[in-house]
Amino acid sequence: AALLYQRALAAAGRLHGVDRHVRAELFERLGDSQRRLGEYELSDRTYSAACRLRGDEPLRVAWIGLKRARAAELRGAYDVVLRRLRGRNGPRRAR
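Only a predicted model underlies this, so the values are computations on that prediction, with no experimental measurement involved. Every residue gets a number counted from 1 within its own chain, in the order that chain's sequence is written. The predicted nature of this model means local features are confined to residues of pLDDT at least 70 and side-chain atom pairs, given and counted, to a pLDDT of 80 or more, with totals for whole chains, interfaces and linings taken over all residues. In computing side-chain properties, one takes all heavy atoms of the structure into account and sets aside hydrogens as well as water.

> Is there a simple way to explain helix 4 (residues 58–74) in this structure?
Because the α-helix completes a turn every 3.6 residues, residues three or four places apart line up on one side. Per the convention used, a helix needs a DSSP run of H or I reaching at least four residues, while a strand needs a run of E reaching at least two, with both numbered from the N terminus. One less than the residue count of a helix, multiplied by 1.5 Å, gives the span that helix is expected to have. Here helix 4 spans 24 Å end to end across 17 residues, near enough to the 24 Å set by a 1.5 Å rise per residue. Under the scheme applied here, a residue whose accessible area is under 20% of the maximum for its type counts as buried, over 50% as exposed, and between as partly exposed, the area being computed with a 1.4 Å probe on protein chains only. Three or more residues of helix 4 are buried, namely V61, I64, K67, R68, A69, A71 and A72. The contact criterion used throughout is that any non-hydrogen atoms of two residues lie within 4.5 Å. In the core, the buried residues of helix 4 are packed alongside helix 2 (20–36), helix 3 (40–53) and helix 5 (78–85). A positive backbone phi angle near 85° is found at G76, which sits one or two residues after helix 4.

Laid out in structure tokens, this is it:
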């Protein structure tokens, strides 16, 4: 599944007019696949990309943040989990 999401994201990058919400959904699903495969740090970066594209949707960003915290927990980075659950170390807000 991860490979298919990577291919879809590559294709979306080459096409004009692909909605950013579609790309964000692909990044999120790729992150889910990476997390299931045990690629926690890679999934964290992928989830960050999804958050950047979903910057105008605070509930969706919070949900992805919870997924990032779960991935950090699975790799044993409990200090990162606490920061993420407290709302720190997330995507930066647009000004």
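> How should I be thinking about the packing of helix 2 against helix 4 in this particular structure?
Angle between the axes and distance between the axes are the two parameters that describe a pair of packed helices. Each axis is a line fitted through C-alpha atoms, taken for helices only over the stretch in contact, and angles between the N-to-C directions span 0 to 180 degrees. Put simply, helix 2 and helix 4 touch, their axes get as near as 11 Å, and they point 20° apart. Considering the angle they form, helix 2 stands roughly parallel to helix 4. The two elements helix 2 and helix 4 cross, and the hand of that crossing is left-handed. Contacts from E25, E28, D32 and R35 of helix 2 reach helix 4 at R60, W63, I64, K67, R70, A71 and L74. In the scheme used here, Gly and all other residues not listed as nonpolar or charged are polar, with Ala, Val, Leu, Ile, Met, Phe, Trp, Tyr, Cys and Pro taken as nonpolar and Asp, Glu, Lys and Arg as charged. Across the contact of helix 2 with helix 4, the residue classes tally to 4 nonpolar, no polar and 7 charged. Throughout, the term roughly parallel applies to angles under 35 degrees, roughly antiparallel to angles over 145, roughly perpendicular to angles from 65 to 115, and oblique to all others. Whether a crossing is left-handed or right-handed is set by the direction in which the near helix is turned from the far one by less than a right angle, anticlockwise for left-handed and clockwise for right-handed.

> I keep staring at the packing of aromatic side chains and nothing clicks. Help me out?
Centre-to-centre distance and the angle between the planes together describe a pair of aromatic rings. Pairs were defined over the aromatic rings of Phe, Tyr and Trp, the Trp ring being its six-membered one, requiring ring centres within 6.5 Å. Orientation was assigned from the angle between planes: stacked under 30 degrees, edge-to-face over 60, tilted for the rest. Taken as a whole and assessed by the stated rule, the structure comprises 0 aromatic pairs. Positioned above the aromatic ring of W63, the side-chain terminus of R70 is 5.8 Å from the ring centre. Consider the ring centre and the ring normal. A charge sits over the ring if Lys NZ or Arg CZ is within 6 Å of that centre and within 35 degrees of that normal.

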